[in-house]
Amino acid sequence: MKIGIAGGIGSGKSYVCAHLRRQGIEVYDCDSAAKRLIRTSTDIREGLTALIGPQAYTADGNLNKSAVAQFLLASEENAQAIDRIVHPAVFRDFEESGVEWLESAIMYESGIYRLMDRVIVVTAPLEVRISRVMARDHISREKVLEWMGRQLPQEEVVGRADFEIVNDGETDIEQQLNKIIEQCNRPF
């Protein structure tokens, strides 16, 4: 059974996934995989170079983050074009990994939810999320809100997911996870 862990920035997806790992459950991290694949995949390298130009990668073969960011931020169409190159590679890598659990901040936006049997969304109150991201990334409240504005609203993700884990700093994560794992191990 393939189970996805979704949730917006600052919700605590990685925190919940750390709990899963402590229980011996391997979790595929889409963000880390995308970064790795951008460095190592010939298909992605060729696709980004064809899309952005030779400046997409430096002479030593590393991604030219500033050139890619400039292209990406120029328009929504540019961002979607990059996604059409990177997302399928991540999907293939996940399917080939044999891992059953997956963490993605953009579960529904990317379409990877289609590969999942069940989706769990990690939620937290807005102010908690804002505070977490400001402290973690040392950025302004405005920048956090801008990032949040680029993701689906938390309420929409909750409505589409099969389960919710509340990560408000007070509710017991282990208890919620164990209940969901038990339900996932039963036939639906």
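Residues numbered from 1 in each chain as written. Predicted model: local features only at pLDDT ≥ 70, side-chain atom pairs only at ≥ 80, totals over all residues. Heavy atoms only, no water.

Enquirer: How should the overall build of the chain be read in this particular structure?
Expert: When helices and strands are counted, the chain shows 10 helices and 5 strands. Here the C-alpha atoms of the chain give a radius of gyration of 17 Å, agreeing with the 16 Å that 2.2 N^0.38 yields for 188 residues. Considering only C-alpha atoms, the chain reaches an extent of 50 × 40 × 25 Å along its principal axes. Per-residue burial over the chain gives 44% buried out of 188 residues. Counting contacts in the chain only where the partners sit at least 6 residues apart, residues at least 24 apart contribute 66% of the total. Accessible surface, the chain: about 10,400 Å² in total, of which carbon and sulfur atoms supply 50%. (Helix = DSSP H or I, 4+ residues; strand = E, 2+ residues; numbered from the N terminus. Rg over C-alpha atoms; globule rule 2.2 N^0.38 Å. Buried < 20%, exposed > 50% of the residue type's maximum accessible area, 1.4 Å probe, protein only. Contact = heavy atoms within 4.5 Å. Areas by Shrake-Rupley, 256 points an atom, 1.4 Å probe, with all protein chains shown as cover.)

Enquirer: Explain the nonpolar core here, please?
Expert: For soluble globular proteins, nonpolar side chains are generally found buried alongside one another. Counting 30 residues, the largest nonpolar core has Tyr28, Ile44, Leu102 and Met107 as its most contacted members. Those elements that provide at least two residues to this core are helix H2 (30-40), helix H3 (42-52), helix H4 (65-74), helix H5 (76-97), helix H6 (107-110) and strand S4 (118-123). Among the elements that line this core, the one with the most residues is H5, at 6 residues. Dropping the residues within four chain positions of it, Leu102 is found in contact with Ile3, Gly4, Ile5, Val27, Tyr28, Cys30, Phe94, Met107, Ile112 and Met116. Among the nonpolar cores identified, the runner-up in size contains 17 residues, and Ile3, Val27, Trp101 and Val122 belong to it. (Core = buried A, V, L, I, M, F, W, Y, C linked by side-chain atoms within 4.5 Å.)

Enquirer: Looking at this model, I keep getting lost on unusual backbone geometry. Mind explaining?
Expert: Leaving glycine aside, a negative phi is the common case for residues, and trans is the common case for peptide bonds. Phi is positive for His138, which is not a glycine, with a value near 55°. Position of His138 relative to the elements: it lies in the loop between helix H7 (126-137) and helix H8 (141-149). What makes His138 exposed here is its relative accessible area of 71%.

Enquirer: Explanation requested: the pattern of salt bridges in the structure shown.
Expert: Opposite charge on two side chains lets them pair, provided their charged atoms get close. The full count for this structure, using the stated rule, is 6 salt bridges. The salt bridge involving Arg150 is made with Glu146; its shortest N-O contact spans 3.3 Å. The exposure class assigned to Arg150 is exposed, which follows from its relative accessible area of 53%. Residue class for Glu146 comes out partly exposed when judged on its relative accessible area of 35%. Where Arg160 meets Glu156, a salt bridge forms, and the shortest distance between an N and an O atom there is 3.7 Å. Taken together, the residues span about one helical turn, with Arg160 and Glu156 both in helix H9 (residues 154-160) at a distance of 4 residues. One network of salt bridges, in which partners are shared, links Lys143, Glu146 and Arg150. (Salt bridge = Lys/Arg side-chain N within 4 Å of Asp/Glu carboxyl O.)

Enquirer: Would you take a moment to explain empty space enclosed by the protein for this structure?
Expert: If a probe as big as a water molecule is rolled over the atoms, it shows which places are left empty. Scanning the model with the defined rule gives 1 cavity of 30 Å³ or more in all. Taken as a whole, the largest cavity holds about 90 Å³ of empty space. In terms of lining residues, the largest cavity is bounded by 14 residues, among which Gly7, Gly8, Ala105, Leu152 and Val157 are the most central. Of all the secondary structure elements, the ones that give two or more residues to the lining of the largest cavity are H6, S4 and H9. Residue contributions to the lining of the largest cavity peak at 3 residues, all from H6. Residues belonging to the lining of the largest cavity are distributed by class as follows: 9 nonpolar, 4 polar and 1 charged. (1 Å grid on protein atoms, 1.4 Å probe; cavity = no way out; pocket = protein on both sides within 12 Å on 5 of 7 lines; lining within 4 Å. Points joined across faces, edges and corners; volume = space filled by probe spheres on them. Nonpolar A, V, L, I, M, F, W, Y, C, P; charged D, E, K, R; others polar.)

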